[in-house]
Amino acid sequence: MAYYRKCVETVTEQLNRFKPEKDSPEQFLEEVSTSLKALSPQKRAFILEVLSGCLEYRRLLTVVVDAFYVRDGRFCPWADYNLFQVICYLATFHLEELGIQLFCSIVKSQPVDKMLKFLGFFFNPSNLCSWIKDEWSLIYETAHVKNWTDPLMRWQPEVQELINQLEGELSSQPPLSKAKVTEPKAFNLTVPKPRAIPVPEPVPVMAKPRPVPRSTYQSQVLEMTKRYHHRKAEDLLPKASLEKMQRAVPRAHGELPSQYPKKQRRCFLPRIRKTPKLTFYTPNEVPVKLNTAAILREGALYQRQVEKELQRVDKLVDGAGDFSKFLQWQKKMQAKDREEQLVAGLCRRLQGKLSHEEAALARQQLLQENQHKATQKKEETAELMQQCAQRRLQEKKSMKELVEQVMEGQKNIRAAQMKLLRCRRQTVQEVAEENRALLQQSAEETREEQRRHRELISQLRAMETQPKHQGKLVDLTQIPGHGLEGEMSIVELRERLALLKEAQQYEEEEKRDQIIQGKRTKSQELQTALEQISLCRAAMGRSAALRWEEKKAAAPGAPCQDGCVQELQRRIQEKAAERRRQVALVHVPARRATRRRPRAQLEAQHWLELERSRERRLQALQRGGSAGGGPARRLEAS
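Student: Quick rundown of the side chain of glutamine 85? Include the residues and the values.
Tutor: Along the chain, glutamine 85 turns up in helix H5 (residues 81-93). Here glutamine 85 falls in the buried class, since its relative accessible area comes to 0%. With residues up to four places along the chain from it excluded, the contact list for glutamine 85 reads Cys54, Arg58, Leu61, Thr62 and Val65.

Student: Can you explain the nonpolar core? Please cite residues and give values.
Tutor: Across soluble globular proteins, nonpolar side chains show a tendency to be buried alongside one another. Ranked by internal contacts, the top residues of the largest apolar core, which has 59 residues, are Leu90, Phe118, Leu119, Phe122 and Trp136. When neighbours within four sequence positions are excluded, phenylalanine 118 is seen to be in contact with Val64, Val65, Phe68, Phe84, Ile87 and Cys88.

Student: So what's going on with the confidence of the model for the protein? Which residues, and what values?
Tutor: When the pLDDT values of the protein are averaged, the result is 78; 82% of them are 70 or greater. Helix H22 (residues 629-637) is the least confidently modelled element of the protein, averaging 40 in pLDDT, while helix H19 (residues 490-553) averages 88, the highest of any element. Considering only residues more than four positions removed or in separate chains, one finds that residues 245-286, a stretch of pLDDT under 50, has 19 contacts. Contacts from residues 588-595, a stretch scored under 50 in pLDDT, to residues over four places away or in other chains number four contacts.

Student: Give a description of a positive patch on the surface that names residues and reports values.
Tutor: A contiguous patch of positive charge, built from Arg392, Lys396, Lys397 and Lys400, is present on the exposed surface. Looking at the element boundaries, lysine 396 is found in helix H17 (residues 324-411). Overall, lysine 396 belongs to the exposed group, its relative accessible area being 57%.

Student: Which residues make up the packing of aromatic side chains, and what are the values?
Tutor: One pass over the full model with this rule turns up 20 aromatic pairs. Both rings, one in tyrosine 69 and one in phenylalanine 84, keep their centres 6.0 Å apart while their planes meet at 65°; by these two values the pair is edge-to-face. Separated by 15 residues along the polypeptide, tyrosine 69 in helix H4 (residues 58-70) and phenylalanine 84 in helix H5 bring together distant segments of the chain. For the pair tyrosine 69 and phenylalanine 84, a shared accessibility class is recorded, and that class is buried. Measuring from ring centre to ring centre gives 5.2 Å for phenylalanine 93 and tryptophan 148, while their planes differ by 75°; the resulting arrangement is edge-to-face. Here phenylalanine 93 is found in helix H5, whereas its partner tryptophan 148 is found in helix H11 (residues 142-154), with 55 residues between them in sequence. Judged by its relative accessible area of 14%, tryptophan 148 falls in the buried class.

Analysis parameters
- Residues numbered from 1 in each chain as written.
- Predicted model: local features only at pLDDT ≥ 70, side-chain atom pairs only at ≥ 80, totals over all residues.
- Heavy atoms only, no water.
- Helix = DSSP H or I, 4+ residues; strand = E, 2+ residues; numbered from the N terminus.
- Buried < 20%, exposed > 50% of the residue type's maximum accessible area, 1.4 Å probe, protein only.
- Contact = heavy atoms within 4.5 Å.
- Core = buried A, V, L, I, M, F, W, Y, C linked by side-chain atoms within 4.5 Å.
- pLDDT = per-residue confidence, 0-100.
- Patch = residues over 30% accessible without salt bridge, like charges linked within 9 Å, V, L, I, M, F, W, Y side chains within 5 Å.
- Areas by Shrake-Rupley, 256 points an atom, 1.4 Å probe, with all protein chains shown as cover.
- Salt bridge = Lys/Arg side-chain N within 4 Å of Asp/Glu carboxyl O.
- Lys, Arg positive; Asp, Glu negative; His and termini not counted.
- Charge placed at Lys NZ, Arg CZ, Asp CG, Glu CD.
- Phe/Tyr/Trp six-rings, centres within 6.5 Å; stacked < 30°, edge-to-face > 60°.

As structure tokens, this is what we get:
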């Protein structure tokens, strides 16, 4: 059976390759015979004989197979079209030569369900003796057709037994399990709660402000209070200076010194705040999703690095030289280059400072020039204002003269208006007469057009009253009969389109399965590549950390001061001195308004001045001798 199955498969493949529009049967048979030289002579002869017969009687076989696909084989794939042609040819022309047993073995070597359908359709007496015989008689003579159909009718009982055997084999096979149909489930959506009405916020009640004291705007009382507070601060300064070390003792967060009473502690507690810890670097551990190209590219890169490292190890094992001396020389040269780069960077910074000083000098010179130009511009504007005042006086005089002329011209306007009014009345009368004539003419034209419309409507109504002839009904199962090749009825066309659609769906499902399988294999490959990449990244990170530690250990110190740097520093000092000299001479006000110092800075400066004055006073008392000893001892005791 395997032998005949291979022969039939070979014939089917060659028929699939044959294209009647381009290939000729003779050349095609020659090409097939040359390609089948490797087979045995018996097998080669059988294949060529069946192939040549199928090509010779292609029109007869096409009639049977096309009718089979329309009637019983609607669900059979079109890829088996040539297989059915081969079986039809063997049954029609070689059944007596092969014998029923050999024919049965050939049929059983093919799919059972397909052969069962085709043999049941072809050997059906109602089909074989009716329309198949008539269709073949249109192609060949009736005598030849009778010689082909009579043997088929004689072999019909044996073929019926073969069909029964095929039915038994098909029924003995286990039924295919149907795929479980997915049952849709309704979405379990939560019902949104109704939006609650927000509670209105209470209106804040503002505290009543304290009235302004009467002494605020009295200068004498204000000076007296300032003096009193100044003296009180001078008395408390020695005590504060002696308690400096006591305040510097560290204490827990939120704890106040013991010398303050409880009320002052409550006042100070809300103001004590802990400074947040500074974070200069926030680690970013968010994983980055790579696409397929990036994963494969990175995997190939790490693979090349691993191969290079293995080659280097192999060379070292084989006795290759070491690059330690070269690396030491390279490090020295790199350190030297870094020093030169640092010196160059310092020179650039000094040059920037020098250019800044030069720009400041240029700004001062430009400011002086602008002041000089501003004075000149003010003088010019004053002169222009005088000229404008004179021009305005002249314009007023000319306007008075013009008004007088206009008043004289208005006297002559009334006579001209009366004359224009007469002309307009005359033109209005002429236009009214012309409009009357046009209206009469348009009324006559509309009456004539309405008469013609009435006549046309009467004619159309007379035509509508005539009887109509109904057309012929369309029969969808009837062939048009125009004599064209491949004519078919609308019902047959619909059946063929349905079969074509089913075949397309089957092909799309196969392609979809192939694509899913390819995606699975590709995702597995990418997963393995990602694991290798993560290992390589960890190794590279460790090596980079070691190199960074070595680089930090071997970091160079400050660059040496060469002649170029010293020369730039000298020039910067000269330019800065020159700029200060010009500022002191010119006393130009600053372009930008000075920012007001914050209140805390002013208070700190005030207390610093008080401390310095108190220290000077203590030093003077100590130098004064016995007369100033009493107060000094009192201060030390306090």
